[in-house]
Amino acid sequence: MRRLIDSLEKNHCLTKEEWTALIAQEAEKEYLFERARALSRKYYGSKVYTRGLIEFTNYCRNNCYYCGIRRDNTDAERYRLSEEEILDCCREGYALGFRTFVLQGGEDAYYTDERLVSLIRRIKASYGDCALTLSIGEKSKESYQMFFDAGADRYLLRHETADEKHYRKLHPKELSLERRKACLFDLKEIGYQVGCGFMVGSPGQTVECIAEDMLFITELQPQMVGIGPFIPHHETPFAAEAAGSVEKTLYLIGLLRLLKPNLLLPATTALGTMQADGREQGILAGANVVMPNLSPVGVRKKYALYDNKICTGEEAAECRGCLSRRMENIGYRLVTDRGDPAEI
Ligand code: 5AD
Ligand code: FES
């Protein structure tokens, strides 16, 4: 197994059989994490990049079986932030040291292309030294181009799974893996820094599915990959399913660091939800990004993709400070920086 880990570090690819063997065994964990940490140190030193996450709408037209803000969850209390409220989040975030803002939301028809373009322009006009990331789902290539021309720099769109059969198990029939992948290639072609990703341990996921994810990531060559454990939400069809494993997530973070040494890899909120020091563990497994919540405290509980999400209470008004202390405890530091990929 050490041979496969060395081969991945050297060649930045493996065959499907090799991926499957490595992921199934989760072997040589400490060795993998050491290699992964050495690479993140080489490219990023002790720096951890931050992105201020603004969850600006939880209205969503989609009905993904795993997600707490799916259309059919009539229990969800819907909200959307106004342009002014979003700009307030940015102002607050800028003062705290954020130089990347991530606008994340459900696929909400209120936020038309025109409204989004106006919002993007205003944010970029006020914070020209910041990167702006969008995470608002599937759109036409024309819309993606308009947002890019308005100033958006990055786009997060997790592919969720690269295995056709597994994709069908997670999504209703109006969604397709083919379309999802096409969106990611469109975004890349336009010139965005692109992030894909998937949940670890989602219902029906096999080791072969994860091997497919790794092959897809090798093909797409995204700048970012977000992974986190699946966590059931009580008002979804997957309410009774088991959560994904923190250990497997950490192992996959290590493998992703070797696959693409300068990758922007977040230690996700889902990881921190499953285990108190999950995000610290993520950094120690090779991650180099954290995404503290910048949404107004009053709406945070409503953006519940899964149960027991951290950072939704009054005590979490200032996630950046909390994460800064957490990172210092393990020998890393949060930096005030756009956080672009390092040159190879
Ligand atoms: N558990 C963990 N992650 C989830 N996401 C959505 N629902 C869940 C869940 N129940 C992830 C998806 C999505 C991202 C924004 O959050 O991968 O792309
Ligand atoms: Fe949000 Fe610690 S990061 S409270």
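Residues numbered from 1 in each chain as written. Chains lettered and ligands numbered in written order. Predicted model: local features only at pLDDT ≥ 70, side-chain atom pairs only at ≥ 80, totals over all residues. Heavy atoms only, no water.

### Section: the pattern of salt bridges
Then, in step 1: Within this structure, the stated rule accounts for 23 salt bridges.
Then, in step 2: A salt bridge links Lys 309 to Glu 55; its shortest N-O distance comes to 2.8 Å. One end of the pair, Lys 309, is in the loop between helix H13 (297-300) and helix H14 (319-329); the other, Glu 55, is in strand E2 (residues 52-57), and 254 residues separate them in sequence.
Then, in step 3: Judged by its relative accessible area of 12%, Lys 309 is buried.
Then, in step 4: Where Arg 122 meets Glu 84, a salt bridge forms, and the shortest distance between an N and an O atom there is 2.9 Å. Of this pair, Arg 122 sits in helix H5 (residues 113-126) while Glu 84 is found in helix H4 (residues 83-96), placing the two residues 38 residues apart along the sequence. (Salt bridge = Lys/Arg side-chain N within 4 Å of Asp/Glu carboxyl O. Helix = DSSP H or I, 4+ residues; strand = E, 2+ residues; numbered from the N terminus. Buried < 20%, exposed > 50% of the residue type's maximum accessible area, 1.4 Å probe, protein only.)

### Thoughts on the sheet that holds strand E9 (residues 333-334)
Then, in step 1: The three strands are arranged E8-E1-E9 in an open sheet whose pairing can be described as parallel. Because the sheet does not close on itself, it has two edges, and the strands there are strand E8 (289-290) and E9.
Then, in step 2: Taken together, the two bridges between strand E1 (residues 47-50) and E9 define a ladder with parallel strand orientation. Opposite Lys 47, over in E9, you have Arg 333 as the bridge partner. (Pairing = 2+ DSSP bridges.)

### With respect to the pairing of strand E6 (residues 193-200)
Then, in step 1: Most of E6 sits inside the fold, with eight of its eight residues counted as buried.
Then, in step 2: Pairing of strand E5 (residues 154-156) with E6, which is carried by three bridges, proceeds in the parallel orientation. From the neighbouring strand, Leu 156 faces E6, where its bridge partner is Gly 195.
Then, in step 3: Crossover connection from E6 via helix H9 (residues 207-220) to parallel strand E7 (residues 224-229): handedness right-handed. (Right-handed = clockwise from strand over helix to strand, strands pointing away.)

### Structural notes on the site of ligand 1
Then, in step 1: Neighbouring ligand 1 are Tyr 66, Cys 67, Arg 158, Glu 160, Met 199, Pro 229, Phe 230, Ile 231, Leu 305 and Tyr 306.
Then, in step 2: At 2.5 Å, a side-chain N or O of Glu 160 approaches an oxygen atom of ligand 1.
Then, in step 3: Between a nitrogen atom of ligand 1 and a main-chain N or O atom of Ile 231, the distance comes to 2.7 Å.
Then, in step 4: Against a free-state accessible area of 410 Å², the protein chains account for coverage of 88% of ligand 1.
Then, in step 5: Partitioned by chemical class, the residues of the shell around ligand 1 number eight nonpolar, no polar and two charged. (Near = heavy atom within 4 Å. Polar contact = N/O pair within 3.5 Å; in protein donor to acceptor, adjacent residues only side chain to side chain. Areas by Shrake-Rupley, 256 points an atom, 1.4 Å probe, with all protein chains shown as cover. Nonpolar A, V, L, I, M, F, W, Y, C, P; charged D, E, K, R; others polar.)

### Some details on the packing of helix H3 (residues 29-44) against helix H10 (residues 246-259)
Then, in step 1: Across the interface, H3 lies against H10 with an axial gap of 9 Å and an inter-helix angle of 50°. In terms of orientation, H3 and H10 fall into the oblique class. H3 and H10 meet at a crossing whose hand is left-handed. Note on element contacts: H10 touches H3 through Glu 247, Leu 250, Tyr 251, Gly 254, Leu 255, Arg 257 and Leu 258, opposite Lys 29, Leu 32, Phe 33, Arg 35, Ala 36, Leu 39, Ser 40 and Tyr 44.
Then, in step 2: Of the residues assigned to the contact of H3 with H10, the class counts are nine nonpolar, two polar and four charged. (Axes fitted to C-alpha atoms, helices over the stretch in contact; angles between N-to-C directions. Parallel < 35°, antiparallel > 145°, perpendicular 65-115°, else oblique. Left-handed = near helix turned anticlockwise from the far one by under 90°. Contact = heavy atoms within 4.5 Å.)

### A word on unusual backbone geometry
Then, in step 1: You will see that Glu 160, though not glycine, has its phi angle at about 75°, which is positive.
Then, in step 2: Relative to the helices and strands, Glu 160 resides in the loop between E5 and helix H7 (164-170).
Then, in step 3: If you check the backbone angles, Asn 308 has positive phi at about 65° while not being a glycine.
Then, in step 4: Take Asn 308: it is sitting in the loop between H13 and H14.

### Digging into the environment of Asn 63
Then, in step 1: Note that Asn 63 resides in the loop between E2 and H4.
Then, in step 2: Setting aside anything within four residues of it in sequence, one finds Asn 63 in contact with Arg 70, Arg 71, Asp 72 and Pro 172.

### Some thoughts on the packing of aromatic side chains
Then, in step 1: Following the criterion strictly, the structure yields eleven aromatic pairs and no others.
Then, in step 2: Ring plane angle 80° and centroid distance 5.7 Å describe the contact between Tyr 155 and Tyr 192, whose orientation is recorded as edge-to-face. Pair noted here: Tyr 155 is in strand E5 and Tyr 192 is in the loop between helix H8 (177-190) and E6, with a separation of 37 residues, a long-range link.
Then, in step 3: Relative to Phe 216, the ring of Phe 185 lies with its centre 6.2 Å away and its plane at 85°, an arrangement referred to as edge-to-face. With a gap of 31 residues between them, Phe 185 in helix H8 and Phe 216 in helix H9 connect regions that are remote in the sequence.
Then, in step 4: When its relative accessible area of 31% is taken as the criterion, Phe 185 is described as partly exposed.
Then, in step 5: A relative accessible area of 3% places Phe 216 in the buried class. (Phe/Tyr/Trp six-rings, centres within 6.5 Å; stacked < 30°, edge-to-face > 60°.)

### Points about H9
Then, in step 1: Across its 14 residues, H9 extends 20 Å between first and last C-alpha, which sits within 8% of the 20 Å expected from 1.5 Å per residue.
Then, in step 2: Along H9, the residues that are buried comprise Cys 209, Ile 210, Ala 211, Asp 213, Met 214, Phe 216, Ile 217 and Leu 220.
Then, in step 3: Close packing links the buried residues of H9 with helix H2 (16-25), H7, H8, E6, E7 and H10.
Then, in step 4: Gln 221 lies just past H9 and shows a positive phi near 50°. (Expected span 1.5 Å × (residues − 1).)

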